[in-house]
Amino acid sequence: MPTTETLGKALLAQARNAIGGALGVPVKAAVDHVLLAERGACFVTLTLDGALRGCIGSLNAHRVLGEDVRENAIAAALRDPRFPPLSTAEFPRIEIEVSLLDEPEFLEFHDEADALSQLVPGQDGVIFFNGCQKATFLPQVWEQLPDRRSFMAALKQKARLPADFWGPNVMLARYRVRKWKEPPQGG
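Residues numbered from 1 in each chain as written. Predicted model: local features only at pLDDT ≥ 70, side-chain atom pairs only at ≥ 80, totals over all residues. Heavy atoms only, no water.

Describing the packing of aromatic side chains
Inspection of the entire model under this criterion finds five aromatic pairs. Taken together, Phe109, Phe128 and Trp166 form an aromatic cluster joined through their ring pairs. In this structure, Arg16 packs its charged tip against the face of Phe91, placed 4.9 Å from the ring centre. (Phe/Tyr/Trp six-rings, centres within 6.5 Å; stacked < 30°, edge-to-face > 60°. Lys NZ or Arg CZ within 6 Å of the ring centre and 35° of its normal.)

What to know about the side chain of Thr47
The topology assignment puts Thr47 in strand E1 (residues 42-48). Other than its neighbours up to four places away in sequence, Thr47 contacts Leu52, Arg53, Arg93, Ile94, Glu95 and Lys181. (Helix = DSSP H or I, 4+ residues; strand = E, 2+ residues; numbered from the N terminus. Contact = heavy atoms within 4.5 Å.)

A short note on unusual backbone geometry
The general pattern is negative phi for most residues beyond glycine and trans for most peptide bonds. Of note in this structure, Asp49 is not a glycine but carries a positive phi near 55°. Turning to its location among the elements, Asp49 is positioned in the loop between E1 and strand E2 (51-57). Here Arg160, not a glycine, exhibits a phi torsion of approximately 65°, which is positive. Along the polypeptide, Arg160 turns up in the loop between helix H4 (148-158) and strand E7 (170-175). For Arg160, a relative accessible area of 76% corresponds to the exposed category. (Buried < 20%, exposed > 50% of the residue type's maximum accessible area, 1.4 Å probe, protein only.)

A closer look at the sheet that holds strand E8 (residues 177-181)
Across the sheet, which stays open at both edges, the four strands sit in the order E2-E1-E3-E8 with antiparallel pairing between neighbours. Single-partner strands in this sheet number two, and they are E2 and E8. Averaged over all neighbouring strand pairs, the angle between strand axes comes to 20°, with direction disregarded. Where E1 lies against E2, six bridges are found, and the strand directions are antiparallel. Its bridge partner lying in E2, Phe43 is registered against Gly57. Sitting on the sheet, helix H1 (residues 4-23) touches E1, strand E3 (94-101) and E8, and the angle it makes with E3 is about 125°. Along the sheet face, helix H2 (residues 65-78) touches E1, E2 and E3 and points at about 35° away from the line of E1. (Pairing = 2+ DSSP bridges. Axes fitted to C-alpha atoms, helices over the stretch in contact; angles between N-to-C directions.)

Details of the pairing of E7
E7 sits mainly inside the fold: five of its six residues count as buried. The sheet contact formed by strand E4 (residues 105-106) and E7 spans two bridges and is antiparallel. Bridging across to E7, Glu105 finds its partner in Arg174. Pairing of strand E5 (residues 125-130) with E7, which is carried by six bridges, proceeds in the antiparallel orientation. The residue of E7 that forms the bridge with Phe129 is Met171.

Overview of the side chain of Arg174
Counting through the fold element by element, Arg174 comes out in strand E7. A polar contact of 3.3 Å, which involves the side chain of Arg174, links it to the side chain of Asp124. (Polar contact = N/O pair within 3.5 Å; in protein donor to acceptor, adjacent residues only side chain to side chain.)

Structure below.
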């Protein structure tokens, strides 16, 4: 029976190989896992010297997991609008983290305070909706923003709204993740 550890190794290898292939860098042998052929949603986060270098993902399982991780890895490396495309010189130095998302669940709340009281810092990823505006933070963002109000304020700003915005059309969904991170490349 495939383990969670083998799934993590397969996802990380798929992500690194996809980026390497897109950059024209030789890749290692593929690592397979039965769940790569099932629908899944993931985010691929790249860091360089401890700083964010790209993060792209899917909130809903709209394709098989193997394709999702490969496409999101390439997008995080080459098409994250916050960063220039990853260079071949940076490629060996990036660390890759893959977060496999559970199905999001919508929250029911009366006001912002009620919504905030339902969030579990460090565990909940959150999707903020207001009409066409949408933004998400993975659960890992709680490490930088451990306070619920600060977390929500930054999430609203990511959705291009004022930090103190709240309105009748606001909807929130939360999700949990299983995540795997590459060991440091030197070790």
